[in-house]
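Take a look at the letters that make up each chain.
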Amino acid sequence: SLKKIQTKLNSLRNKIINDSWTHLELRSDNDKEFIEDLEELIKIKEEYFDNDLDLFSIEFKWYQYYNSLNERNKTVIDQLLNKLNWEKVFLIFYLNSLLIDSADTKLPTNDNELNDLNKLLESLEKEQLRYVREFWFSKQIDATRDFYQTHSNLTVENLYNKRKSNKHKRLSLRQIVEFDIDLFTTFFPIILTTPDVCCNLFKGRDKYFDIVMFDEASQLKLEDNLPALLKGKQIVIAGDEHQMPPSNYFSKIFDGTIDDEDDEYEEEESEKILSDGLLSCESLLEFAEELNFEKKYLDFHYRSRHPYLIDFSNFAFYKQRLTPLPNTFDYTPIKYIQVDGTYSDHSNYKEAEAVLSIIENNINKLPNGEYPSVGVATFNIHQRNLILSMINDRRKFNKFSTFNDKIIELEKNGLFVKNLENIQGDERDVIILTTTYGINKYGKFAQRFGSINHQKGYKLLNVIITRAKYKVYVCSSVPEEVFLNYKEHLVNEGSNNRRAVFYAYLAYSKAVSENDEELRNSILNALNENTNSSTTLDILNADLESPFEEEVYQVLLDNFDENNLIPQYKFGGFRIDIVYDPKKKGIPKIAIECDGASYHSSQEAYLYDKHRQKILESNGFIFHRIWSTNWWRNSKRETNNLIKFIKQIENSKPKRFKDYSKISLAFTDDIYFHNIKSDVIFQKEDEEKIKSLEKDSDTNQKSFVQKEFEFTSNEIDLKPKIITPKFVKLNSKVKIKYLNNSIKIIVKLVNRNVDSKNIENGLHLVNINSPLAQVLINKPIGEIIKFGKLDNYIEIIDVINE
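One structure accompanies this document, and this report is about it. Counting of residues starts from 1 at the beginning of each chain's written sequence and follows it residue by residue. At least 70 in pLDDT is required for a residue's local features to be given in this predicted model, at least 80 for side-chain atom pairs to be given and counted, and no such filter applies to totals for whole chains, interfaces and linings, which use all residues. Hydrogens and waters are ignored; side-chain quantities use all the structure's heavy atoms.

**Observations regarding the overall build of the chain**
Each helix and strand in the chain was counted, giving 29 helices and 23 strands. When burial is assessed residue by residue, the chain has 45% of its 802 residues classed as buried. We call two residues contacting when some pair of their heavy atoms lies within 4.5 Å. Of all intrachain contacts in the chain linking residues separated by at least 6 positions in sequence, the fraction that spans at least 24 positions is 70%. Residue-level accessible areas treat just the shown protein chains as cover; the underlying method is Shrake-Rupley with a 1.4 Å probe. Only carbon and sulfur atoms are counted for the fraction: they give 50% of the accessible area of the chain, which is about 45,800 Å². To qualify as a helix, a DSSP run of H or I must reach at least 4 residues; to qualify as a strand, a run of E must reach at least 2; elements of each kind are numbered from the N terminus. Here's how the labels work: a residue is buried when its accessible area is under 20% of the maximum for its type, exposed when over 50%, partly exposed in between, all with a 1.4 Å probe on protein chains only.

Dropping the structure here:
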């Protein structure tokens, strides 16, 4: 304790004073002058010291310093011991030497210097912009002067005039560039163009530009972009290896080479120029990787305004590398709608109806009076065409309806309907996703999902599910009993690809939609385990990381309620050392940063920390920093400053923060359309055809039946039946299926004590109060229920009531 240290120090001081070697005489006048200078220094600096000094450190440093002196200097120090307040003399002398040798002005040590640095950086930014403008203007003047010296009969104004004059005809862009390329690039130093236009405009100008940048490089073919690649001295290639590649498959669909886009298709190896090497790269991005371009990741994800919108891809494809920002208001970011539509002629009419219903009933105006931007994403081009035709038909016959007016406003704000092959690069506030595939009109479910089932199908899925800023509506007809068995498919696939990851996304959408955090986290961990990453999902705040943080936290506990304190608070991919939450409306959370010297030993770390603080402050936090050196030097002063700051914020006038809650009213979750699982009815003519074919005993006819209704092993018989809904009651005989292992059993709910082995007439007897009976009671046929352990699902197949 401080009192023990003080006692020890006083005892040590008395011993030193009483020792005979402290009475040595000074040997020279120089020594006397030195002592007089120190005494004068004491008078000048005495006001800077208080009673809260770190006494133990002073004692230790005194011994450390004293033992390093030669005999002459020890004599000087010994004389100081006879002076009153000799500790202050020693401390000033020691600190002066320490600061002269070690003080560094590169990094700030308190908030005042931090604020000064921020102002300096802002002024530096303005100065840089001013310099760029003046430098650019001077270059234009020089280029114009050179132009007039070589073209005395032509002015720059005429060269760039869109209208022809008597002296000069209007030139095309290519002619202007050829006329004087240096003049053109001086006036337009940054040019946005396509690779082919770049090649035509600047033909033969290899390494002419300082930098050439390519965007969406995963979709750029090497042979189309190589000439543009040669135009730059330095090349920057931006792209996402987990997004769509340039594929010949889609062009073959559009030009009619492939009749059915749902057919399985793999690119033939013969289409590749070489089996290995640079020329076999299918995209410019892959070409850059082969050449070992320096790789930089852009890990901050700014599109999704709710982390749940990007979490699936983050765990499935990016190994949790992406850092999303948290949502600013509470809402459900994904709404899953089980449509149970019929997949026929490569489209799903009922899902298309659901899309139109969501547009009409669930998309409302934002607080600013405008509609959110909306995009409709389909899994194939046929479904896209169906939705477009349905929208146009409805507008045609209801020209003066509110639906027509709504579509007009949504189109002004960017409404689109696109299939997954051409949606990359788009983003909208709301995405309505129709997965299209489902059981066909004969009750069979063919597990074929077009391009999703291809070798790199996950890339298309990754693109289509990450287009939304705020909300995704997932309209699906894939049977729940199929996609809830996603884990088995992940194991069989061996990677997060094809139908396995598609099923996992449907399960994830359902979990988010139903606020089932347990299932959501289970899906993310299953995806994570299927990658090379070995980490697991951490949903809790961690413990404190250093003794320094522990001391600060203990001080806060001594002065404030523990319920207001959150250690190692995770926010938007960042960790805040300690957060104090006043829990008052309009009062911001306080981010308490315990900054150790080792972390802030480089300028890069400090600049990153400054960027991090800027992001957190823009999301409603207010910062208070405690530097470790200041804490060790004077913990009492830092404690008082911290407590004072928290109380000042708590007692401040509440601020009016922007109310984001009304934004959620722009995309509601009450879906208004007929949605009964048993209402998928065959067309009458199809039903009669099937019956007649089944009764026909002619051999040739049987062969015809087998050919017309021949299915692959991927198809599942899910022929719907028209039934009267039945509910499970006491004494019901219930046929159930465990979806995880496909085991089917028949149980009977009884009101008597039975054990797990009781079987009567082939029925498993279950007590009405047992966990299984409790989840079955009052449930209808077709209901899927989570039971027992995580991800254990059962389906009620049939009910017989006595």
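**Remarks on unusual backbone geometry**
One non-glycine residue, Arg-498, lies in positive phi territory at about 55°. Here Arg-498 is to be found in helix H21 (residues 498-513). Overall, the relative accessible area of 24% leaves Arg-498 in the partly exposed class. The phi torsion at Asn-515 lies on the positive side, around 55°, for a residue other than glycine. Judged by its relative accessible area of 59%, Asn-515 is exposed.

**Description of the state of the cysteines**
Whenever a pair of cysteine sulfur atoms sits within 2.5 Å, that pair is classed as a disulfide. Taken as a whole and assessed by the stated rule, the structure comprises zero disulfides. You can see Cys-198 has no disulfide; the closest cysteine sulfur is in Cys-199, sitting 5.5 Å from it. You can call Cys-198 buried: its relative accessible area is 8%.

**Overview of the sheet that holds strand E21 (residues 763-767)**
For two strands to count as paired, DSSP must find a minimum of two bridges between them. Pairing in this open sheet of six strands is mixed, and the strands run E20-E21-E19-E18-E23-E22 from one edge to the other. Looking at which strands have only one partner, the edges of the open sheet turn out to be strand E20 (759-760) and strand E22 (784-786). By the bridge criterion, four bridges tie strand E19 (residues 743-750) to E21 in an arrangement that is parallel. Note on E21: the bridge partner recorded for Lys-748 is Leu-765.

**What to know about the packing of helix H20 (residues 486-493) against H21**
Lines fitted to C-alpha atoms define the axes, with helix axes restricted to the stretch in contact, and inter-axis angles between N-to-C directions lie between 0 and 180 degrees. Axis separation between H20 and H21 bottoms out at 8 Å; the angle between their running directions is 155°. As far as their axial angle goes, H21 and H20 are roughly antiparallel. Where H20 crosses over H21, the two elements pack in a sense that is left-handed. Residue-level contacts link Tyr-486, His-489, Leu-490 and Glu-493 of H20 to Arg-498, Arg-499, Ala-500, Val-501, Tyr-503, Ala-504 and Ala-507 of H21. Three classes are used: nonpolar for Ala, Val, Leu, Ile, Met, Phe, Trp, Tyr, Cys and Pro, charged for Asp, Glu, Lys and Arg, and polar for all others, with Gly counted as polar. Broken down by class, the residue content of the contact of H20 with H21 amounts to seven nonpolar, one polar and three charged. For classification purposes, angles smaller than 35 degrees are called roughly parallel, those larger than 145 roughly antiparallel, those between 65 and 115 roughly perpendicular, and all remaining angles oblique. With the far helix as reference, a near helix turned anticlockwise by less than a right angle produces a left-handed crossing, and one turned clockwise produces a right-handed crossing.

**As for the side chain of Ser-347**
As for its position among the elements, Ser-347 is in strand E7 (residues 347-348). Sequence-distant contacts of Ser-347, that is, excluding residues within four places in its chain, are made with Thr-342, His-382, Gln-383, Leu-386 and Thr-436.

**Notes on the environment of Asn-530**
By the secondary structure assignment, Asn-530 is in the loop between helix H22 (517-529) and helix H23 (547-559). A C-alpha to C-alpha distance of 7.9 Å links Asn-530 and Ala-316, two positions 214 residues apart in sequence. Leave out the neighbours within four places in its chain, and Asn-530 touches Leu-490, Gly-494, Ser-495 and Asn-496.

**Description of a nonpolar patch on the surface**
Patches here are clusters of residues that have more than 30% relative accessible area and form no salt bridge, with a 9 Å joining cutoff for like charges and a 5 Å cutoff for nonpolar side chains (Val, Leu, Ile, Met, Phe, Trp, Tyr). Here a salt bridge means any side-chain nitrogen of Lys or Arg lying within 4 Å of a carboxyl oxygen belonging to Asp or Glu. A cluster of nonpolar side chains, Tyr-131, Val-132 and Phe-135, forms an exposed patch at the surface whose accessible area comes to about 320 Å². Mapped onto the fold, Phe-135 is located in helix H6 (residues 111-150).

**Considering the packing of aromatic side chains**
In summary, the pairing rule links any two rings of Phe, Tyr or Trp, Trp by its six-membered ring, whose centres are within 6.5 Å, and it sorts them by plane angle into stacked for under 30 degrees, edge-to-face for over 60 and tilted for everything else. All told, the structure shown has 26 aromatic pairs when counted by the stated rule. Ring centres 5.3 Å apart and planes at 45° place the aromatic pair Phe-184 and Phe-188 in the tilted group. Residue Phe-188 is classed as partly exposed on the basis of its relative accessible area of 39%. Relative to Phe-502, the ring of Phe-449 has its centre 4.9 Å away and its plane inclined at 65°; by these criteria the two rings are edge-to-face. Taken together, the residues Phe-449 in the loop between strand E11 (444-446) and helix H18 (457-464) and Phe-502 in helix H21 connect sequence positions 53 residues apart. Taking the relative accessible area as the measure of exposure, Phe-502 reaches 1% and is therefore buried. The aromatic ring of Tyr-473 is capped on one face by Lys-471, whose charged end is 5.5 Å from the ring centroid. Cation placement over rings: the criterion is NZ of Lys or CZ of Arg within 6 Å of the ring centroid and within 35° of the ring normal. Above the plane of the ring of Tyr-308 lies Arg-520, whose end atom (NZ or CZ) is 3.7 Å from the centre.

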